[in-house]
Amino acid sequence: MKTKKNIEGCNFSGFKTNELTQLPRHLDAERIYLFILKAHNFHEKVFKMWKTHFLSEASIALLHDSFWWWFLHKFKPDRENQDSLFDRISESYVTLFMSIPVSQKDAFFQVNIEIN
């Protein structure tokens, strides 16, 4: 028996400055990122580089906050929480960008990952 998986019953508990809002349904950002990485069959060297940056604190924060920003935008608009999330998404992106060595930046940001 299959269960339909959706986010209809999810609620955003509100933006907290020093704490990420957990993803719904016990989803784990690290497991999601590892699944994406493994699905793309990167060469070992590229996989290690991506894994290091994908699993960083800034990248995990990007996934959490982007999910909740989109959720609010699509289902329960809340300008104040969306603005706070957007600000932290921007900070996390800059942190991630600055953490990648200059020699790897082009390779890292030019990889096109499609999620179907």
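How each quantity is defined
Residues numbered from 1 in each chain as written. Predicted model: local features only at pLDDT ≥ 70, side-chain atom pairs only at ≥ 80, totals over all residues. Heavy atoms only, no water. UniProt positions renumbered as here; feature names shortened; annotations may be inferred. Salt bridge = Lys/Arg side-chain N within 4 Å of Asp/Glu carboxyl O. Helix = DSSP H or I, 4+ residues; strand = E, 2+ residues; numbered from the N terminus. Buried < 20%, exposed > 50% of the residue type's maximum accessible area, 1.4 Å probe, protein only. Core = buried A, V, L, I, M, F, W, Y, C linked by side-chain atoms within 4.5 Å. Contact = heavy atoms within 4.5 Å.

In the annotation of an unreviewed UniProt entry, the chain is listed under the name Protein FAM227B and assigned to Ceratotherium simum simum. Per UniProt, the chain has the following entry under Sequence similarities (unreviewed entry): "Belongs to the FAM227 family."

Novice: Help me get a handle on the pattern of salt bridges, residues and values and all.
Specialist: On inspection of all chains with the given rule, the structure shows 2 salt bridges. For the salt bridge of Arg 88 with Asp 65, the shortest nitrogen-to-oxygen distance reads 2.6 Å. Of this pair, Arg 88 sits in helix H4 (residues 79-99) while Asp 65 sits in helix H3 (residues 57-74), and the two are 23 residues apart along the sequence. Each member of the pair, Arg 88 as well as Asp 65, is classed as buried. For the salt bridge of Asp 83 with Arg 79, the shortest nitrogen-to-oxygen distance reads 3.5 Å. Here Asp 83 pairs with Arg 79, and both are found in helix H4, just 4 residues apart, close to one helical turn. With a relative accessible area of 36%, Asp 83 lands in the partly exposed category. Judged by relative accessible area, which is 57%, Arg 79 ranks as exposed.

Novice: Could you give me a rundown of the nonpolar core, with the residues and numbers involved?
Specialist: Among the nonpolar cores identified, the biggest contains 17 residues, and Phe 12, Phe 54, Trp 68 and Phe 71 are the most heavily contacted of them. Those elements that provide at least two residues to this core are helix H1 (29-39), helix H2 (44-54) and H3. Ranked by the residues each element gives to this core, the list is headed by H3, at 5 residues. Filtering out sequence-adjacent residues up to four positions away, Phe 12 remains in contact with Thr 21, Trp 68, Phe 71, Leu 72, Asn 81 and Leu 85. Judged by nonpolar contacts, the second largest core, of 5 residues, contains Ala 58, Ile 89, Leu 96 and Ile 100.

Novice: Mind laying out unusual backbone geometry, listing which residues take part and the relevant values?
Specialist: Look at Arg 25: it is not a glycine, yet its phi comes out positive at around 55°. Looking at where Arg 25 falls in the secondary structure, it is placed in the segment before H1. Notably, His 26 is not glycine yet its phi reads approximately 60°, a positive angle. On the accessibility criterion, His 26 (82% relative accessible area) is exposed.

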